Amino acid sequence: MSSRPVPLIPPGLRAFLVRVPLLVPIVRFLRRGPLARDRNLLITLIALSLVLGALAARVSTEWFSPALMIPITLVGGLQLRLRSLAKLLCAVAAALLYIGIVRGVGQIGPGLLVTFGFTTVLAGLMARTRGKLGVQGLRGDAMLLELRDRLKNQSELPALPKDWDSRVVLKQAGGSSFGGDFLVSLREGDTVELALVDVSGKGVDAGTRALMLSGTFGGLLGSVDDFLAACNTYLHRQREAEGFVTAVHVRLNLATGEYVITSAGHPPVVKFEAGTGTWRVSPAKGVVLGIVPDLHCEPDRGTLRKGEALMLYTDGLIEQPGRDIDAGLDRLLGEAERLLPSGFRHGARNLVTSMSAGHNDDCALILIWRP
């Protein structure tokens, strides 16, 4: 059975069309060159603008309002190159001038002219931004959304055995989709590795660096023995340092509960001890990433038993203007007691909301525990 595609134009009709004078050269012209789509759209929009101007001037400005030039200009800003947009704007200006000459200047009031001016500036900015990105239409926004979704999916912990549980809460400053806090994680057999990273800044300003580093750190995780040292080497090689980066890395054995915590300038991990019912601050510490060529961290080793938990977080939960960091950590440990009555999973979101109230900063909280 044949699977050849059905032609869009029947062979008989195609044979007739190729005999039409000038049709084949016109089609070849429209399809020629890498910028054919931009040129064809420019021709279409210019023709539409001129026809609309002639109809408004000779027929009726009620049926063919000059305001219809506004969506034409916006389409040009979304789809055309900046040079092509300039040509379109000249055609729109010529059409408006023709309407003013035939119908009178009163048909195009000052309010409409101001609207056209604002639309022209907006279209120019959109075309210029797309020109720098090298994309057409809303593809640039779609790329950002794809990167955001990848970062969000990467910040989810891998599936854990039934005798383990976890909770991840990320809250970006100002309700933005991007922020400087991100998580990378990996599970291989009974070993889980996770790293919580905090890029200096907040919101969209730090989001671009977080997007870049998340891919790099995600590739290093599980590929090197000393994760933070490898991250430090990468950042130290960068010629242009933009702010600092802190991180905490946890390697956890799901079979035995043994863990190793290493930190690079990050707020300390805290552990809930079932025996005493209190939270203990981990002594793991190290220098901020990218500052020194050789990073030396003091690790913290231990074992998670039934009913115990590890809590990782970023400085957005404990730092506030005019308040000491130690005071913020004490408040976090006090608020963490609220997790116990409702359980770790249901209390994590309430803890982040309580600690981040009153200030605008990126916040992240990761809990992993043995029920």
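Computed from a prediction, not measured in an experiment: that's the story for all the values here.

What counts as what
- Residues numbered from 1 in each chain as written.
- Predicted model: local features only at pLDDT ≥ 70, side-chain atom pairs only at ≥ 80, totals over all residues.
- Heavy atoms only, no water.
- UniProt positions renumbered as here; feature names shortened; annotations may be inferred.
- Helix = DSSP H or I, 4+ residues; strand = E, 2+ residues; numbered from the N terminus.
- Buried < 20%, exposed > 50% of the residue type's maximum accessible area, 1.4 Å probe, protein only.
- Pairing = 2+ DSSP bridges.
- Axes fitted to C-alpha atoms, helices over the stretch in contact; angles between N-to-C directions.
- Parallel < 35°, antiparallel > 145°, perpendicular 65-115°, else oblique.
- Contact = heavy atoms within 4.5 Å.
- Nonpolar A, V, L, I, M, F, W, Y, C, P; charged D, E, K, R; others polar.

1. Some points on the UniProt feature "transmembrane region" (unreviewed entry) in the protein chain
In step 1: According to UniProt, the positions carrying the feature "transmembrane region" (unreviewed entry) are residues 41–57, 85–102 and 108–127.
In step 2: Structurally, residues 85–102 comprises 100% helix and 0% strand, and the distance from its first C-alpha atom to its last is 26 Å.
In step 3: Note that residues 108–127 is 90% helix and 0% strand, and that its end C-alpha atoms are spaced 26 Å apart.

2. Examining the pairing of strand 10 (residues 363–369)
In step 1: Of all seven residues making up strand 10, seven are buried, and the element is well covered by its neighbours.
In step 2: Going residue by residue along strand 10, you find Cys363, Leu365, Leu367 and Trp369 tucked away on one face and Ala364, Ile366 and Ile368 tucked away on the opposite face as well.
In step 3: Strand direction decides the pairing type here: strand 1 (residues 165–171) and strand 10, joined by seven bridges, are antiparallel. Bridge pairing in strand 10 places Lys171 opposite Cys363.
In step 4: Pairing of strand 9 (residues 309–313) with strand 10, which is carried by five bridges, proceeds in the antiparallel orientation. Counted as the bridge partner of Leu312 is Ile366 from strand 10.

3. Here we look at the packing of helix 4 (residues 69–79) against helix 5 (residues 82–103)
Between two packed helices, what matters for the description is the angle formed by their axes and the separation of those axes.
In step 1: Remark: helix 4 packs on helix 5, axes separated minimally by 10 Å, with the N-to-C direction vectors making an angle of 170°. When the axes of helix 4 and helix 5 are compared, the pair comes out roughly antiparallel. Contacts between helix 4 and helix 5 involve Met69, Ile72, Thr73, Gly76 and Gly77 on the former and, on the latter, Leu85, Leu88, Leu89, Val92, Ala95 and Leu96.
In step 2: A class-by-class count of the residues in the contact of helix 4 with helix 5 yields eight nonpolar, three polar and no charged.

4. Structural notes on the sheet that holds strand 5 (residues 258–264)
In step 1: The sheet built from five strands is open, its strands ordered 2-3-4-5-8 with antiparallel pairing. Two strands in the sheet have a free side with no partner beyond their single neighbour: strand 2 (181–188) and strand 8 (300–303). Between one strand axis and the next, the sheet turns by 15° as a mean value, whatever way the strands run.
In step 2: Bridging between strand 2 and strand 3 (residues 191–199) involves eight bridges; their strand directions are antiparallel. When the sheet's bridge partners are listed, Glu188 is paired in strand 3 with Thr191.
In step 3: Helix 9 (residues 227–237) rests against strand 3, strand 4 (245–253) and strand 5 of the sheet, and its axis sits at about 155° to strand 4.

5. Thoughts on the sheet that holds strand 10
In step 1: On the basis of which strands lie adjacent, the open sheet formed by five strands has the order 1-10-9-6-7 and antiparallel pairing. Looking at which strands have only one partner, the edges of the open sheet turn out to be strand 1 and strand 7 (278–281). On average, adjacent strands in this sheet sit at an angle of 20° to one another, irrespective of strand direction.
In step 2: Pairing geometry for strand 6 (residues 270–273) and strand 7, over four bridges, is antiparallel. Bridging across to strand 7, Glu273 finds its partner in Thr278.
In step 3: Against the sheet, helix 12 (residues 344–356) contacts strand 1, strand 6, strand 7, strand 9 and strand 10, and its axis sits at roughly 25° relative to strand 1.

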